[in-house]
Amino acid sequence: RAAELKDEQLYSQGHQRPEEDFCSICTLPIPLPMGEHLALNGCCMKTICIGCLFAARKRGIFDCPFCRTPLPETGNDADNMLAMIQARVAKKDPT
């Protein structure tokens, strides 16, 4: 609730948060500090709040909650994310 009050205070002052600060699934603002409350998926480059990620896992969805791309289960996470991003670049994906 404290994060919501902080957001309301920011909005009332005329400040707006960038689009990347909102969850791509529930469209709610991601609480600050954002690094602790979001997940960035290399497959679709969408930011998802931890609540939506938790809800997806609870429903048995272990792929990307936004685009449903199967996530690699082996290897280094950084290498896997880089490979996903390079595949998107090779396909000339604009997003």
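Just so it is clear, the model here is predicted, and its values are computed rather than measured. (Residues numbered from 1 in each chain as written. Predicted model: local features only at pLDDT ≥ 70, side-chain atom pairs only at ≥ 80, totals over all residues. Heavy atoms only, no water.)

Draft legend 1. Just the side chain of Thr-47, in detail. Relative to the helices and strands, Thr-47 is located in strand β2 (residues 47–49). Here Phe-22 takes part through its backbone oxygen, which lies 3.5 Å from a polar atom of the side chain of Thr-47. (Helix = DSSP H or I, 4+ residues; strand = E, 2+ residues; numbered from the N terminus. Polar contact = N/O pair within 3.5 Å; in protein donor to acceptor, adjacent residues only side chain to side chain.)

Draft legend 2. Region of interest: a nonpolar patch on the surface. Where nonpolar side chains cluster on the molecular surface, the patch consists of Leu-40, Met-45 and Met-81 and spans about 220 Å² of accessible area. Structurally, Met-45 can be placed in the loop between β1 (38–40) and β2. The exposure class assigned to Met-45 is partly exposed, which follows from its relative accessible area of 34%. (Patch = residues over 30% accessible without salt bridge, like charges linked within 9 Å, V, L, I, M, F, W, Y side chains within 5 Å. Areas by Shrake-Rupley, 256 points an atom, 1.4 Å probe, with all protein chains shown as cover. Salt bridge = Lys/Arg side-chain N within 4 Å of Asp/Glu carboxyl O. Buried < 20%, exposed > 50% of the residue type's maximum accessible area, 1.4 Å probe, protein only.)

Draft legend 3. Seen up close, helix α2 (residues 50–58). Taken together, the buried positions of α2 are Cys-52, Leu-53 and Ala-56. One side of α2 holds all its buried residues, which, seen down the axis, span an arc of 100°. Those residues of α2 that are exposed and angled more than 90 degrees off the buried face are Phe-54 and Lys-58. Buried residues belonging to α2 abut β1 and β2. Following α2 by one or two positions, Gly-60 adopts a phi angle in the positive range, close to 90°. (Arc of directions from axis to C-beta. Contact = heavy atoms within 4.5 Å.)

Draft legend 4. View of the nonpolar core. Judged by nonpolar contacts, Cys-23, Ile-30, Met-34, Ile-48, Cys-49 and Cys-52 together constitute the single largest core of six residues. In contact with Ile-48, not counting residues within four places along its chain, are Cys-23, Ile-25, His-37, Leu-38, Ala-39, Asn-41, Leu-53, Pro-65 and Phe-66. (Core = buried A, V, L, I, M, F, W, Y, C linked by side-chain atoms within 4.5 Å.)

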